[in-house]
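Fold and contact review
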Amino acid sequence: MLAAFVSAPSPDDPLSVLEVGERPEPEAPEGWTTVTVKAAALNHHDLFSLRGVGLPAERMPMTLGCDAAGTDADGNEVVVHAVVSSPGWTGDETLDPKRSLLSERYQGTLAERVAVPARNVVPKPTALSFAEAACLPTAWLTAYRMLFVRSGLRPGQTVLVQGASGGVATALVQLGTAAGYRMWVTGRSEEKRTAALALGAEQAFEPGARLPERVDGVMESVGKATWAHSIRSLKPGGVVVTCGATTGFDPSAELNRVFFTQLSVVGSTMGTREELAQLMRMLEVTGVRPQIDVELPLREAREGFARMLEGRTNGKIVFVG
Ligand SMILES: NC(=O)c1ccc[n+]([C@@H]2O[C@H](COP(=O)([O-])OP(=O)(O)OC[C@H]3O[C@@H](n4cnc5c(N)ncnc54)[C@H](OP(=O)(O)O)[C@@H]3O)[C@@H](O)[C@H]2O)c1
């Protein structure tokens, strides 16, 4: 079957190790099922995988991709939950120390078919297209958990999102606006800032800009390039929720600001199967739909990866079968 995969990592030139070609059909062990993929979304995680971050060479070749929507063996329309917990794990699967995302330990979703644990298959609401549903399991679920589960922030408060055009950033703006938060963003170009305003952001700023007032919360996925600005933009008692570090894991901690202004630094990762179902319900109720930048045939996956690597994003990049 056709798939996008990696056979050897390249920390410095990820596109050079991206392969789009034939892979063996997935084999579903007992308790697993095979999903026919109709749409699969790209995440920055897939670029990290090509670099060998979180995916050691000994687990390669590995089919990339965390997100998929498609049909199960009976033809039902489904969404694949990307977090695979260890056998026998109960409770919040994001707290399972042995959990993995599809494409880390088990073959991923950028393929015509993918094998997943039966409990990772969630019914897809008919109101969502396959492409829209494929955006949800990683970027949108992460944004949902950051804002509604982990932040402790309430509607009416002001939330700064670092980044404007990425998958997690656009999800945060759309979800936060729909829920009544005042969403501000930073974006690296005028075009990206204008697009964020069109998505519902109340204000958009250049990276590092002095804000008109300090904010109640900051949503961080950028890391080293924006961390100091995030910490300095918070009101006393504010909260920064971090889910990622695209530009580096080791910024100055700004500890003086953290203790003196009594800030909270909260980590957040993916979400639970139940939260994925709640996210889908929220989209049904509000009418919000993921901002899709482009839909490409899987055969043209390289173009999608290149766009993300170069920062040419305006929402989610989706591969369709
Ligand atoms: N822990 C988890 O469960 C989890 C889940 C999902 C994602 N993540 C992490 O979150 C991050 C974002 O993922 P994504 O899929 O949304 O990525 P993406 O679509 O490629 O978006 C990247 C975002 O980073 C922003 N950014 C700001 N400065 C940047 C710089 N110097 N270089 C590159 N990007 C910069 C971009 O802002 P502009 O709009 O200004 O370009 C854009 O909004 C990644 O690090 C990913 O691993 C973690």
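Everything below is about the structure printed above this text.
What this report covers is the structure whose coordinates are included nearby.

Details of the sheet that holds strand E4 (residues 62–63)
- Reading across the sheet, the 3 strands line up as E2-E1-E4 and stay open at both edges, with antiparallel pairing between neighbours. Two strands in the sheet have a free side with no partner beyond their single neighbour: strand E2 (18–22) and E4.

Structural notes on the pattern of salt bridges
- Applying the stated criterion across every chain yields a total of 16 salt bridges.
- A salt bridge links Lys-124 to Glu-77, with the nearest nitrogen and oxygen atoms 3.0 Å apart. With Lys-124 in the loop between strand E10 (121–123) and helix H2 (130–134) and Glu-77 in strand E6 (residues 77–80), this residue pair connects regions lying 47 residues apart in the sequence.
- A relative accessible area of 8% means that Lys-124 is categorised as buried.
- Residue Lys-235 is joined to Asp-216 by a salt bridge in which the shortest nitrogen-to-oxygen separation is 3.0 Å.

Topic: the sheet that holds strand E15 (residues 234–242)
- Spatial strand order, E13-E12-E11-E14-E15-E16: 6 strands in an open sheet with parallel pairing. Two strands close off the open sheet at either side, each with one partner strand: strand E13 (203–205) and strand E16 (264–267). Across the sheet, the mean angle separating the axes of adjacent strands is 20° when strand polarity is ignored.
- Where strand E14 (residues 215–220) and E15 come together, 5 bridges link them in parallel fashion. Within E15, the residue paired with Val-218 across the bridge is Val-240.
- Contacts from helix H4 (residues 167–178) reach strand E11 (158–162), strand E12 (182–186) and E14, with the element oriented near 160° to E12.

Focus on the environment of Met-62
- In this structure, Met-62 sits in strand E4.
- Remark: the alpha-carbon pair of Met-62 and Arg-105, spanning 43 residues in sequence, is separated by 8.4 Å.
- Setting aside anything within four residues of it in sequence, one finds Met-62 in contact with Ala-4, Phe-5, Val-6, Arg-23, Leu-55, Ser-103, Glu-104, Arg-105, Tyr-106 and Gln-107.

Details of the site of the ligand
- The immediate surroundings of the ligand are formed by 26 residues, with His-44, Ser-165, Lys-192, Cys-243 and Thr-246 found nearest.
- At 2.9 Å, a backbone N or O of Ala-164 approaches an oxygen atom of the ligand.
- Within the backbone of Cys-243, one N or O atom sits 2.8 Å away from a nitrogen atom of the ligand.
- In isolation the ligand exposes 920 Å². Once the protein is present, 86% of that is buried.
- Of all the elements in the fold, those that place two or more residues in the shell around the ligand are helix H1 (44–51), helix H3 (136–150) and H4.
- Per element, the largest residue contribution to the shell around the ligand is 3 residues, and it comes from H4.
- Tallied by class, residues from the shell around the ligand come to 9 nonpolar, 15 polar and 2 charged.

Reading guide: rules and limits
- Residues numbered from 1 in each chain as written.
- Predicted model: local features only at pLDDT ≥ 70, side-chain atom pairs only at ≥ 80, totals over all residues.
- Heavy atoms only, no water.
- Pairing = 2+ DSSP bridges.
- Helix = DSSP H or I, 4+ residues; strand = E, 2+ residues; numbered from the N terminus.
- Salt bridge = Lys/Arg side-chain N within 4 Å of Asp/Glu carboxyl O.
- Buried < 20%, exposed > 50% of the residue type's maximum accessible area, 1.4 Å probe, protein only.
- Axes fitted to C-alpha atoms, helices over the stretch in contact; angles between N-to-C directions.
- Contact = heavy atoms within 4.5 Å.
- Near = heavy atom within 4 Å.
- Polar contact = N/O pair within 3.5 Å; in protein donor to acceptor, adjacent residues only side chain to side chain.
- Areas by Shrake-Rupley, 256 points an atom, 1.4 Å probe, with all protein chains shown as cover.
- Nonpolar A, V, L, I, M, F, W, Y, C, P; charged D, E, K, R; others polar.

In short, the description is geometric, and any link to function would need to be established separately.
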